[in-house]
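# Topology and contacts: notes
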Amino acid sequence: MKPMDIPTDVNVGLDDVMLWGVLPYVVLAVLIGGSIWRYRYDQFGWTTRSSQLYESRILRIASPLFHFGILAVIAGHFIGLVIPESWTDAAGISEHAYHIMALSIGAVAGFGTLVGVALLIYRRRTTGPVFMATTRNDKFMYVVLVGALLAGLATTLVNVFDPTVTDYRLTVSPWFRSIWIFQPDIAAMAAASFSFKLHVLWGLALFAIWPFTRLVHAFTAPLQYLFRPYIVYRSRDPQGVGAAPVRRGWAPVGTPDRDRRNIRR
Ligand code: HEM
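Residues numbered from 1 in each chain as written. Predicted model: local features only at pLDDT ≥ 70, side-chain atom pairs only at ≥ 80, totals over all residues. Heavy atoms only, no water.

### A word on the overall build of the protein chain
- Helices and strands together make up the secondary structure of the protein chain, namely ten helices and zero strands.
- What you see in the protein chain, going N to C, is helices and strands ordered as α-α-α-α-α-α-α-α-α-α.
- Classification of the 265 residues of the protein chain by burial places 34% in the buried group.
- Partitioning the contacts of the protein chain with sequence separation of at least 6, the portion at a separation of at least 24 is 75%.
- Accessible surface, the protein chain as shown: approximately 17,100 Å² in total, 70% of it carbon and sulfur. (Helix = DSSP H or I, 4+ residues; strand = E, 2+ residues; numbered from the N terminus. Buried < 20%, exposed > 50% of the residue type's maximum accessible area, 1.4 Å probe, protein only. Contact = heavy atoms within 4.5 Å. Areas by Shrake-Rupley, 256 points an atom, 1.4 Å probe, with all protein chains shown as cover.)

Next up, the structure:
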């Protein structure tokens, strides 16, 4: 077999059918159904449970590192899993150039995310009040999250150092796209190398626990916050007269002068 070729003699067993044909839909049902359930029955618990009040020095570095890192990882996954190889071929990007780009940018993003999460966990363990506010649920979530990240980075290493590894754009990616048209290409995923299978299973585990953890905050991230003015200016004058001087004496009811004086009182 040439390196990077996909084996054509794949035996699709019952385990493959369960893992790559049934499990993704079970996970999707849990993710969507669980999120609706959580929103309806635990809306007050739908929060990051921020610990910024307890400690902000490490958080100021670790949180952006993790969040910007994971956004880059998500963008990389979108390109690698959603855009077919034939499209990048047609755009004149050779397979070799694509992989060099994907591996280098992906590795930096993945490593940055890992350092970010490592700092977050260190902070959580070493800052007393933050540790006290850490639940078993949080700890379990961190294990699954870090497991998915490590397994992802392992696939990158295997990609670089193992010449017999199968090309994920011919195995994992077609399988991923087939899920959304409800015709799971089980054989494609069954042909993927073990490292990819392990990583995808960690990823699925993370999506399955998502609705029941603090990670739900990602669905309701306040994006408008990024574009808010630092100081919110608000006119005291509903009529918009602004800095007009207030006249002395009585003012008729309903006139701007009258309202302005009422507000100041
Ligand atoms: C079912 C869902 C997922 C699939 C199909 C998938 C697939 C892949 C594939 C094919 C690669 C190799 C990319 C390359 O070497 O260029 C990869 C890498 C990676 N994955 Fe995933 N993944 C999934 C979920 C996740 C999740 C949930 C996380 C993080 C929490 C994650 C984190 C990573 C990281 C850090 C890498 C290393 C390279 C990079 O940064 O892109 N993956 N993944």
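The discussion continues.
### What about the coordination of the iron atom of the ligand?
- Here the iron atom of the ligand is held by the protein donor atoms H77 (NE2) and H199 (NE2), which lie 1.9 to 2.0 Å from it.
- Overall, H77 belongs to the partly exposed group, its relative accessible area being 37%.
- For H199, a relative accessible area of 18% gives the class buried. (Donors = N, O, S within 2.8 Å, 3.2 Å for Na, K, Ca; no water.)

### Notes on the side chain of R169
- Tracing the backbone shows R169 in the loop between α6 (136-161) and α7 (172-179).
- A distance of 2.8 Å separates polar atoms of two side chains, one belonging to R169 and the other to T88.
- In this view, R169 contacts G80, I83, P84, E85, T88, E95, Y98, H99 and P174; residues no more than four positions away in its chain are not counted. (Polar contact = N/O pair within 3.5 Å; in protein donor to acceptor, adjacent residues only side chain to side chain.)

### Considering the UniProt feature "transmembrane region" (unreviewed entry) in the protein chain
- The positions UniProt marks with the feature "transmembrane region" (unreviewed entry) are residues 17-37, 58-80, 100-122, 142-161 and 186-210.
- The distance from the first to the last C-alpha atom of residues 58-80 is 32 Å, and the span holds 96% helix and 0% strand. (UniProt positions renumbered as here; feature names shortened; annotations may be inferred.)

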